[in-house]
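In case you want the letters, here they are:
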Amino acid sequence: MKTSRLSLWIFLSPVLMWLVLLIVLPHLDLFIMSFRAKDEYGRMGFSLQNYVHFFEEPIYWLTFVRTAVYSVITTFFTFLLAMPVAFYIVKVVRPKYKGFLMVLLLLPFWVSELVRVYGWMILLRESGVVNFFLLKLGIVDAPLKMLYTDATMIMGLVYTSMLFMVVPVISVLESLDDSLIEAASDLGGSKISIWREIILPHCKPGITSGAIVVFMLSLGNYLTPNLMGGKNSLWFTEQIYNQFIASFNWNQGAAFGFLLLLLSSGIIWAGLKLSRVKLGEVAS
Amino acid sequence: MEIDLSVKNCVKSFGSFLAVDDVTFDVPQGSFFSILGPSGCGKTTLLRMVAGFEEPTSGTIMIRGRDMRGVLPNRRPANLVFQHLALFPMMTVAENIAFGLRRRKVAAPERKRRTEDILERVGLPGYGGKRVDQLSGGQKQRVAIARCLVLEPLVLLLDEPLGALDLKLREQMKVELKKLQAKVGTTFVYITHDQSEALVMSDVVAVMNKGRFEQMGSPQDLYHAPETPFVARFVGENNVWAGRVEKVGEVVAIKTDEGFVFSAKSQSPLTVGDRADLFLRPEAMRIEPREPAGLNTFSVSVRAILFDGAASRLLTATDSGHELMVALPQNRRFDHIAPGQTITVGWHPESGVCFPAVNPAAAADAGGARP
Ligand SMILES: Nc1ncnc2c1ncn2[C@@H]1O[C@H](COP(=O)(O)OP(=O)(O)O)[C@@H](O)[C@H]1O
Ligand SMILES: [Mg+2]
């Protein structure tokens, strides 16, 4: 008993060290920092001012809400797209092409996000490839404004997140016995009812874990919203960046950081409650 | 009598491989029809065509006179009990059973009544609220059947539903399935590789081999009058002698390779000098017959007594070492027999069946009793 306890600690210690040194300590420091502000005499002291400031300035909390809503929308669209893709790879295509399709899914991740986003921009800008062909084919008269809109930004986010939804869904779909689908069909189930009552409930753990990852990644994404979103469509990470780097107000930035952490935890908690999945059941 | 299921010249090929090869049969309403064959012979493929998961390459499948070509599985009046049952693990027993009713837009109170009713009928009253993984193997079995029966299909298709159960439970479920079928009166089409299941439960059994039907008939017919060597090997236990035909006529005389001359009946025409196989049931051999006149008699030595209650047998061998199974009636007359003794056995020419010899490779494929 003693020795196994000891070996457990030996194995755990690198992980714990990593957690404490790199995650817990800096966050504690930021946490303390977020409650400190200069009073009217210019002295640093305990204060709730950073948080009050957030609620007083509409631009801050509007950006905050916007970021949350768009991340949820991104997660939803990613889910809509990932389900048929995963189903196709697992249940429809012949096994020997499965690996090939997985590599195709991975392919975009071999280039950095920055390059990917610039790739999109080359395609979508007003003098870009898509507009060029649309004009050439006479479908439109004037170039369409496709870049710097919210729709484009969501598209970019969905594209970036796809893999993180498809992979966990594939892993749960693989454990779905084909005969369950056939049995449902034999008992009179239509395609829609089979999806709703058999496939989706079976995939729930995979969808949940995929959704958590996609949501977190979108919420914390900086590049895509910044480069593809419109000039006046701010992402909350940009606000944090501005506080730290532009205004050099680390205390305000720390408060924003904590608000974002609270937000993501809150929405994920609500999502788990709604879908009635326990955190322990979420497939990895 | 009305025909519920009619299959005509049905063929299914996967590439160049013929999984089901020109199968024709009719199943009258309310009967228990079994398809018996070794695994890989195409039983599941045939059943899946009836259920609608595969389209026949050629031939027709009709249910109550309606051609099923192009009709999707969810529109066919036939339901399939899957080999591994395929109960929905995300639903309770009652939800599993009500699934089909919900799809048919049956109102909730009616649905509840019918679900409870069918659970009662399969002997699981009050199990509706249980989760599927709380059930034992036999109970899952019954839920899978109830889930189909509640839809009142014209034909219930069962794909080796007892395969996963242990022996004791299988024996019990055999009888229960038969009783259930008699009670509900639905036409059952049952496939199995276990000859005892087929013989015990069915009105009519079709023996299938390599995609073809070898013989179709009542269990008694198959057992007593096999038409092909495959059926003789596959259905029930048989002793086999290889030999050469010496005389043809009402009964044929066959000289076995070890030198016995036996008379027996023949299923297919034989000519003198042909090689032939002689099949004989263990229970056709009488130990120490009191009136040996007209019987084929010979002596064997007892190697072992295989006691198994009513199914007890003697493992015996002829002088040349050919092993034979002899039924050992448990009427205490033969209690004196001990391993090592030599006994006389005799059998009536009517009980032995001869077929032209098949080549050894085909015989091995048949996979039935001992060669
Ligand atoms: N979808 C398929 N593609 C190719 N071959 C198949 C397919 N389904 C079944 N087979 C082949 O058909 C033969 C019969 O299979 P099956 O009907 O499952 O046999 P059984 O149920 O009698 O064991 C097997 O040799 C199997 O490999
Ligand atoms: Mg099978």
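Residues numbered from 1 in each chain as written. Chains lettered and ligands numbered in written order. Predicted model: local features only at pLDDT ≥ 70, side-chain atom pairs only at ≥ 80, totals over all residues. Heavy atoms only, no water.

### Regarding the pattern of salt bridges
Basically, it comes down to this: We count a salt bridge whenever a side-chain nitrogen from Lys or Arg sits within 4 Å of a carboxyl oxygen from Asp or Glu. The numbering of helices and of strands both runs from the N terminus, where a helix is a DSSP run of H or I of at least 4 residues and a strand a run of E of at least 2.
Using the criterion set out here, one finds 27 salt bridges over all chains in the structure. Two residues, B:Arg64 and B:Asp4, come together in a salt bridge whose shortest N-O distance is 2.6 Å. Of this pair, B:Arg64 sits in the loop between strand S4 (58-63) and strand S5 (66-67) while B:Asp4 sits in strand S1 (residues 3-14), placing them 60 residues apart in sequence. Among the ionic pairs, B:Lys178 bridges to B:Asp203, the shortest N-O distance being 3.7 Å. Of this pair, B:Lys178 sits in helix H5 (residues 167-184) while B:Asp203 sits in the loop between helix H6 (195-201) and strand S9 (204-209), and the two are 25 residues apart along the sequence. Connected via shared salt-bridge partners are A:Glu182, B:Lys12, B:Arg48 and B:Glu54.

### A short note on empty space enclosed by the protein
Put simply, the rule is: Cavities and pockets are found on a 1 Å grid laid over the protein atoms alone: a cavity is a set of points where a 1.4 Å probe fits but cannot escape, a pocket is an open set with protein on both sides within 12 Å along at least five of seven lines, and a lining residue has an atom within 4 Å of such a point. Grid points are joined across faces, edges and corners, and a volume is the space filled by probe spheres set on the points. Each residue is assigned to one of three groups, with Ala, Val, Leu, Ile, Met, Phe, Trp, Tyr, Cys and Pro labelled nonpolar, Asp, Glu, Lys and Arg labelled charged, and all others, Gly among them, labelled polar.
As enumerated under the stated definition, the model contains 2 cavities of 30 Å³ or more in all. Considered as a void within the structure, the largest cavity measures approximately 50 Å³ in volume. No other element matches the 3 residues that S4(B) contributes to the lining of the largest cavity. Taken together, the residues that form the lining of the largest cavity break down as 4 nonpolar, 2 polar and 4 charged. Taken as a whole, the second largest cavity spans an internal volume of roughly 30 Å³. For the lining of the second largest cavity, the secondary-structure elements that each account for two or more residues are helix H5 (113-124), helix H7 (150-174) and helix H10 (223-228) of chain A. Among the elements that make up the lining of the second largest cavity, the one with the highest residue count is H5(A) (4 residues).

### Quick notes on the packing of helix H4 (residues 137-149) of chain B against H5(B)
All names here are of chain B. For clarity, the cut-off: To get an axis, fit a line to the C-alpha atoms, keeping to the stretch in contact for a helix; angles then go from 0 to 180 degrees between the N-to-C directions. Note on angle classes: values under 35 degrees are labelled roughly parallel, values over 145 roughly antiparallel, values of 65 to 115 roughly perpendicular, and the remainder oblique. Crossings are classed by handedness, with left-handed meaning an anticlockwise turn of the near helix from the far one by less than a right angle and right-handed meaning a clockwise turn. Should any heavy atoms of two residues lie within 4.5 Å, those residues are considered in contact.
Two numbers describe how H4 lies on H5: the axes approach to 11 Å, and their chain directions differ by 20°. With respect to their mutual orientation, H4 and H5 come out roughly parallel. For the crossing formed where H4 meets H5, the hand is right-handed. Together, Gly-137, Gly-138, Gln-141, Arg-142, Ile-145 and Leu-149 of H4 and Leu-169, Met-173, Glu-176, Leu-177, Leu-180 and Val-184 of H5 make up the contact between the two elements.

### Here we look at the sheet that holds strand S3 (residues 32-36) of chain B
Residue and element names in this part refer to chain B. Worth spelling out the cut-off: Strand pairing is assigned whenever DSSP identifies at least 2 bridges connecting the two strands.
Strand order in the open sheet made by the 6 strands is S6-S7-S8-S3-S9-S10, with mixed pairing throughout. Edge strands, defined here as strands with exactly one partner in the open sheet, are strand S6 (78-81) and strand S10 (212-217). For this sheet, the mean angle separating the axes of adjacent strands, direction not counted, is 20°. Pairing analysis gives 5 bridges linking strand S7 (residues 155-159) to strand S8 (residues 187-192), with the strands arranged parallel. Bridging across to S8, Asp-159 finds its partner in Ile-191. Here H5 sits on the sheet and contacts S3, S7 and S8; the angle it forms with S8, its principal contact strand, is near 160°.

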